[in-house]
Amino acid sequence: MKFGLFGINNGPCAFPKCAAAVARAAEDTGFESVWTGEHVILPDPQAPPSPVAADYPMLDPAIALAFVAAHTTKIRLGTGIIILPQRNPVVLAKELASTDVLSNGRLIFGIGVGYLKPEFDAIGAPFDQKGARSEEWLAAMIALWSMPKPEFEGKWVKFKGVNAMPRPVQQPHPEIVFGGHTKEAFSRAARLAKGWYGFAQDVDGTQKCVEGLRAACKAAGRRFEDVEVSITPSPRVKVDGDTVKRYADLGVSRLILLQRGADEAALIDGVRQVGRELIGKS
């Protein structure tokens with residue numbers, strides 16, 4: 001089992017001293033990766049399904065990971081997730097290529113399609129056809145990252161006679177992970193990505209998602225075993241050795257753990273506790 005740490009760009013880690021210290025501690029302890037979340041804006045006052053209060057601090061994922069890259073040497077850097085249909089794919093391709101270059105090829109591009117309509121409205125992004133636009137955005141980004149002379153002709157994105165350098169260190173492109181708990185999300189992971197990411201799932205919820213992902217892989221003609229499954233356990237789940245085994249038995253190969261603590265010292269203690277109790281024993 002690989003272990004990641006979620007939230008390297010938010011809460012206490014939205015501030016540079018804490019983010020750098022926690023990322024270094026995670027790397028030193030044996031964590032495989034650190035992960036960001038994303039909401040460009042949040043509804044104020046908070047209302048369902050908004051996940052956190054409007055004044056909760058959250059840095060931009062690419063900027064946060066570039067900063068963390070400068071304070072670490074080997075830990076992988078995941079966006080968990082970037083809300084792709086809210087972005088301009090050409091600009092985002094440049095931002096993420098830059099992050100991959102600055103980190104010497106450590107980026108994992110985790111993608112979600114979004115669910116907060118007020119956020120889309122504030123950005124000016126359409127809320128309809130999010131999935132279809134995400135798939136087209138991704139194809140356009142891969143063209144920019146991998147084609148000697150990039151060009152793309154889609155329904156919403158078109159370009160030719162252009163180039164964007166430098167390219168990502170990882171070729172043909174950074175590792176791609178799709179998040180989400182719907183049939184459509186499982187299909188996108190099976191067809192378009194190396195992995196799938198399920199957030200805040202207990203063991204029973206993970207089992208249901210894995211069943212959906214297996215069905216999507218079968219429909220796509222892909223082996224389920226070739227899809228890397230990452231899970232952030234629900235905050236209600238006590239993550240101990242037995243729980244790790246139960247996730248692993250379902251086909252999970254990476255657990256991306258929530259932060260443990262409300263400040264830098266507590267977060268580092270939580271990271272070290274995971275190192276003592278779980279990493280190297282799973």
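Reference entry: report on the structure contained in this document. No experiment lies behind these values; they were computed from the predicted model shown.

**Points about the overall build of the protein chain**
If you tally the helices and strands in the protein chain, you get 9 helices and 11 strands. Taken over the C-alpha trace, the protein chain has a radius of gyration of 18 Å; the compact-globule value for 282 residues is 19 Å, and the two agree within 12%. Seen along its three principal axes, the alpha-carbon backbone of the protein chain occupies a region of about 55 × 45 × 40 Å. Out of the 282 residues in the protein chain, the part that is buried amounts to 52%. In the protein chain, 70% of the contacts between residues at least 6 apart in sequence involve partners at least 24 apart. On the protein chain, roughly 12700 Å² of surface is accessible, and the fraction owed to carbon and sulfur atoms is 56%. When the 34 basic and 31 acidic side-chain charges of the protein chain are each reduced to a single mean position, those positions are 4 Å apart.

**With respect to the packing of aromatic side chains**
Counted according to the given criterion, the structure contains 8 aromatic pairs. Ring geometry for Phe186 versus Trp196: centroids 5.6 Å apart, planes at 65°, classification edge-to-face. Of this pair, Phe186 sits in helix α6 (residues 183-192) while Trp196 sits in strand β9 (residues 195-201), and the two are 10 residues apart along the sequence. Among the aromatic side chains, those forming a connected cluster through ring pairs are Phe6, Trp35, Tyr197 and Phe199. Against the face of Trp137 rests Arg133, its NZ or CZ located 5.9 Å from the ring centre. A cation sits over an aromatic face here: Arg214 above Phe224, 4.0 Å from the ring centre.

**Details of the nonpolar core**
Counting 68 residues, the largest nonpolar core has Val22, Phe31, Leu96, Phe109, Trp196, Leu213 and Leu255 as the members making the most contacts within it. When residues no more than four places from it in sequence are discounted, the contact partners of Phe31 are Phe3, Gly4, Leu5, Ala26, Ile75, Val271, Val274 and Ile279. Within the second largest apolar cluster, 10 residues are counted, among which are Trp35, Ile108, Tyr197 and Ile256.

**Overview of unusual backbone geometry**
A negative phi angle is the norm for most residues apart from glycine, just as the trans form is the norm for most peptide bonds. Cis geometry marks the peptide bond from Pro48 to Pro49, where omega comes out at 5°. Checked against the element boundaries, Pro49 lands in the loop between β2 (33-36) and α2 (61-70). In this chain, Gln171 is followed by Pro172 through a cis amide linkage whose omega measures 10°. Among the secondary structure elements, Pro172 is positioned in the loop between β7 (158-159) and β8 (175-179). In this structure, Ala200 takes a positive phi of about 55° despite not being glycine. Among the secondary structure elements, Ala200 is positioned in strand β9.

**Some words on the packing of helix α1 (residues 16-29) against helix α9 (residues 264-277)**
Where α1 contacts α9, the two axes come as close as 9 Å, and the packing angle between them is 10°. Here α9 runs roughly parallel to α1, going by the angle between their axes. Here Lys17, Cys18, Ala21, Val22, Ala25, Ala26 and Thr29 of α1 come into contact with α9, specifically with Glu264, Leu267, Ile268, Val271, Arg272 and Gly275. Grouping the constituent residues of the contact of α1 with α9 by class yields 8 nonpolar, 2 polar and 3 charged.

Cut-offs used in this document
- Residues numbered from 1 in each chain as written.
- Predicted model: local features only at pLDDT ≥ 70, side-chain atom pairs only at ≥ 80, totals over all residues.
- Heavy atoms only, no water.
- Helix = DSSP H or I, 4+ residues; strand = E, 2+ residues; numbered from the N terminus.
- Rg over C-alpha atoms; globule rule 2.2 N^0.38 Å.
- Buried < 20%, exposed > 50% of the residue type's maximum accessible area, 1.4 Å probe, protein only.
- Contact = heavy atoms within 4.5 Å.
- Areas by Shrake-Rupley, 256 points an atom, 1.4 Å probe, with all protein chains shown as cover.
- Lys, Arg positive; Asp, Glu negative; His and termini not counted.
- Charge placed at Lys NZ, Arg CZ, Asp CG, Glu CD.
- Phe/Tyr/Trp six-rings, centres within 6.5 Å; stacked < 30°, edge-to-face > 60°.
- Lys NZ or Arg CZ within 6 Å of the ring centre and 35° of its normal.
- Core = buried A, V, L, I, M, F, W, Y, C linked by side-chain atoms within 4.5 Å.
- Axes fitted to C-alpha atoms, helices over the stretch in contact; angles between N-to-C directions.
- Parallel < 35°, antiparallel > 145°, perpendicular 65-115°, else oblique.
- Nonpolar A, V, L, I, M, F, W, Y, C, P; charged D, E, K, R; others polar.

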